[in-house]
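Observations on chain architecture
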Amino acid sequence: MKTTEPPAPVPAESGVTVTKADVPVGPPPEEKKAGGVLNVFSHGILVIWAIMVALPLVWAVMTSFKDDAAIFGSPWSLPDELHFENWSRAWTQAHMGDYFLNTVLVVGGSLVGTLVLGSMAAYVLARFEFPGNRFIYYLFIGGMSFPIMLALVPLFYVVNNMGLLNTIHGLILVYIAYSLPFTVFFLTAFFRTLPGSVAEAAFVDGASHSRTFFQIMLPMARPGLISVGIFNFLGQWNQYMLPTVLNTDEDKHVLTQGLVQLAVSQGYKGDWSGLFAGLVMAMLPVLAAYIVFQRQVVQGLTAGALK
């Protein structure tokens, strides 16, 4: 028969014997109060930051459904009726549809090329030791610190001499070169966290290096690929300086160029409702990417710290 022993005595400083049941459990009230104040303060800061970020976005979407008179007459009120013609006018008359298609082609091609080339280079730098490994790695890191402003003039002449000026594929190649340093830096650290025993088992089974990379290691690096893909997508989608210098043909303008052209070409007409509609069109893909892949982005950023 199991008996219950009385709690062991714990000597107190004053000489009075107390039991473990009499000892208080948990932090003292002062620490609880300080922690509660800190939580309230941090949550308040987060709420203020969320309002500062979300309010301009909500206001831009709301304004895109107003007419010009309502925008200036009552800018903070809800629209009396939804003016969908603002969106159709921006899509057709302002050629935002053509700019959107050009942007999808440029960003889509450059994103695929950046992830493929960047992941291959990062895998080799992370998993293989050879002479010049660290030198090549630091060259990529140095590319991250190189100001793009210094490269615009020589880049213009290089692209022009190659016959790629004012072309979609020329802009794709420049975007890939612009995004590779950060991609290689990010994925090199991620590939180092992956277990090497899986690749060694594949080599023992007779798999080649290319098959091991594409069928085993690349799927394992999916969180990192999604994270760096989102960052590259944002940078390439919002890129304005490179297409302005290298893409002067109006038929091949991207969204950022189209929005600037729409704002400048208005003159005294003041089609502000169409301008806000075009602005929201440019923002929607970025917001959709964040909403769909937000969990994968967090997993990719924290994977290196958890393994």
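Heads up: these notes are all about the structure in this document. (Residues numbered from 1 in each chain as written. Predicted model: local features only at pLDDT ≥ 70, side-chain atom pairs only at ≥ 80, totals over all residues. Heavy atoms only, no water.)

For the rest of this paragraph, the subject is unusual backbone geometry. Phi at His95 takes a positive value of approximately 60°, unusual for a residue other than glycine. A positive phi angle, near 60°, is found at Asn166, a position not held by glycine. Overall, the relative accessible area of 22% leaves Asn166 in the partly exposed class. (Buried < 20%, exposed > 50% of the residue type's maximum accessible area, 1.4 Å probe, protein only.)

Within the secondary structure, Gln257 is located in helix H12 (residues 255-265). In this structure Gln257 touches Tyr240, Pro243, Thr244 and Asn247, once residues within four positions along its chain are discounted. (Helix = DSSP H or I, 4+ residues; strand = E, 2+ residues; numbered from the N terminus. Contact = heavy atoms within 4.5 Å.)

Per the stated rule, a full pass over the model turns up 18 aromatic pairs. Summarising the aromatic geometry, the rings of Phe156 and Tyr157 are spaced 5.7 Å apart at their centres and angled 85° between planes, so their arrangement reads as edge-to-face. Of the residues examined, Phe156 reaches a relative accessible area of 26% and is grouped as partly exposed. Ring geometry for Phe182 against Phe231: centres 6.1 Å apart, planes inclined by 75°, an arrangement best described as edge-to-face. Note that Phe182 is positioned in helix H7 (residues 168-191) and Phe231 in helix H10 (residues 222-237), a separation of 49 residues in sequence. Three or more aromatic residues joined by ring pairs form one cluster here, namely Tyr123, Phe128, Phe191, Phe213 and Phe214. Taking NZ or CZ as reference, Arg192 lies 5.3 Å from the ring centre of Tyr137, over its face. (Phe/Tyr/Trp six-rings, centres within 6.5 Å; stacked < 30°, edge-to-face > 60°. Lys NZ or Arg CZ within 6 Å of the ring centre and 35° of its normal.)

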